[in-house]
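Chain by chain, the residues run as shown.
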Amino acid sequence: MKLYILRLLTGIFAVTYIFILSGCDKMNEADMFNISDESANIIDVVTLTYSDEEMFDKIDTEKYTLDELNKLYPIEFIKKYKRADDSYVDNVAYMTSYGYIILYYDESGNYEFGKDIIVEKSLKEFDVLNIDDSVDDVQKFDENGEFLFLYTGRIDVPKISQHYTTDGYMITIHYDSDYSVTKIENRLI
């Protein structure tokens, strides 16, 4: 009889424990870090500059969670952005000796993708670009920019290029169907 009661209590405890664990919402891993203010500039916040040229390849291959990443490379700069589908993405950014590494994580703290960015120009230097300049002019000015729309082979992809500056900005340039600049925007990384 004692064995029966012991087994019954053990079973009830196990089921209750599993129920409690499965009923808990998983905390967003990014919530464990101090989200950088929207007005924060990476240049003013980050204290570490990495010179490991294989850092990005290692992160991109291993696809570390936010917690794993923080143990290897302490996270000093993370921002949360709302996507068009109302989900959120967490951007972690590191400064490197040649630019930035920007990593994108889903709401659960899982790695999605990243960018290894080379920067050579400041925000002020981008003032030479004007509305109606051609995409060729922009490519000549910043050969490190991202011109993905030129290589996708799809016509439904927005015609935008992205550029990054030495002083912590991302510049988005919009083009029309003739590949002429229609709009130039910037925001802090």
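Everything below is about the structure shown above.
Notes on the structure in this doc start here. Think of each chain on its own: its residues are numbered from 1, step by step along the sequence as written. For this predicted model, a pLDDT threshold of at least 70 governs which residues receive local features, and a threshold of 80 or more governs which side-chain atom pairs are given and counted, while totals over whole chains, interfaces and linings are taken from all residues. With hydrogens and water stripped out, all remaining heavy atoms of the structure feed into the side-chain values.

We now examine the layout of surface pockets. Within this model, the largest pocket holds a volume of roughly 400 Å³. Around the largest pocket sit 19 residues that line it, and Tyr 104, Phe 113, Lys 115, Ile 160 and Gln 162 are the ones nearest its centre. Elements supplying a minimum of two residues to the lining of the largest pocket: β2 (78-82), β3 (88-96), β5 (111-118) and β6 (160-164). In this text, helices come from DSSP runs of H or I with a minimum length of four residues, and strands from runs of E with a minimum of two, each type numbered from the N-terminal end. Among the elements that take part in the lining of the largest pocket, β6 stands out by supplying four residues, more than any other. Lining residues are those with an atom within 4 Å of a point, where the points come from a 1 Å grid over the protein atoms alone and group into cavities, where a 1.4 Å probe fits but cannot get out, or pockets, open sets with protein on both sides within 12 Å along at least five of seven lines. Grid points are joined across faces, edges and corners, and a volume is the space filled by probe spheres set on the points.

So, about the pattern of salt bridges. The term salt bridge refers to a side-chain nitrogen of Lys or Arg lying within 4 Å of a carboxyl oxygen of Asp or Glu. For the structure on display, the rule yields eight salt bridges. Across the pair Lys 82 and Asp 86 runs a salt bridge, and its minimum N-O distance is 3.6 Å. Per residue, the accessibility class of Lys 82 equals that of Asp 86, and both read exposed. The closest approach of N and O atoms between Asp 156 and Arg 154, which form a salt bridge, is 2.8 Å. Take Asp 156 and Arg 154: they sit in the same class, and that class is exposed. Classification of residues uses two cut-offs on accessible area relative to the type maximum, computed with a 1.4 Å probe and protein chains only: under 20% is buried, over 50% is exposed, and between them is partly exposed.

On to the environment of Gly 109, then. By the element assignment, Gly 109 lies in the loop between β4 (99-105) and β5. As a C-alpha pair, Gly 109 and Val 89 span 20 residues in sequence and 9.0 Å in three-dimensional space.

We now examine helix α3 (residues 55-62). For α3, the set of buried residues is Met 55, Phe 56 and Ile 59. Each buried residue of α3 sits inside an arc of 95° when the element is viewed along its axis, so together they form one side. Should any heavy atoms of two residues lie within 4.5 Å, those residues are counted as being in contact. On the buried face of α3, the contacting elements are β1 (49-50), α4 (66-72), β3, β4 and β5. The positive-phi residue at the C-terminal boundary of α3 is Lys 63, with phi of around 50°. Arc, as used here, means the arc of the directions from the helix axis to the C-beta atoms.

Read across the open sheet, the three strands follow the order β6-β7-β8; overall the sheet is antiparallel. The open sheet terminates on both sides in strands that have one partner only, identified here as β6 and β8 (181-188). The sheet shows a mean angle of 20° between the axes of neighbouring strands, direction not considered. Strands are labelled as partners when DSSP assigns at least two bridges between them. When strand β7 (residues 169-175) meets β8, the two strands line up antiparallel, connected through seven bridges. With axes taken as lines fitted to C-alpha atoms, and helix axes fitted only over the stretch in contact, angles between N-to-C directions fall between 0 and 180 degrees.

Another aspect to go through is the pairing of β3. Taken across its nine residues, β3 has eight buried, putting it largely inside the fold. Here β1 pairs with β3 via two bridges, running parallel. In the strand pairing of β3, Thr 49 is matched with Met 95. Relative to β3, β2 runs antiparallel, the two sharing five bridges. For Ile 78, the partnering residue across the bridge sits in β3 and is Val 92.

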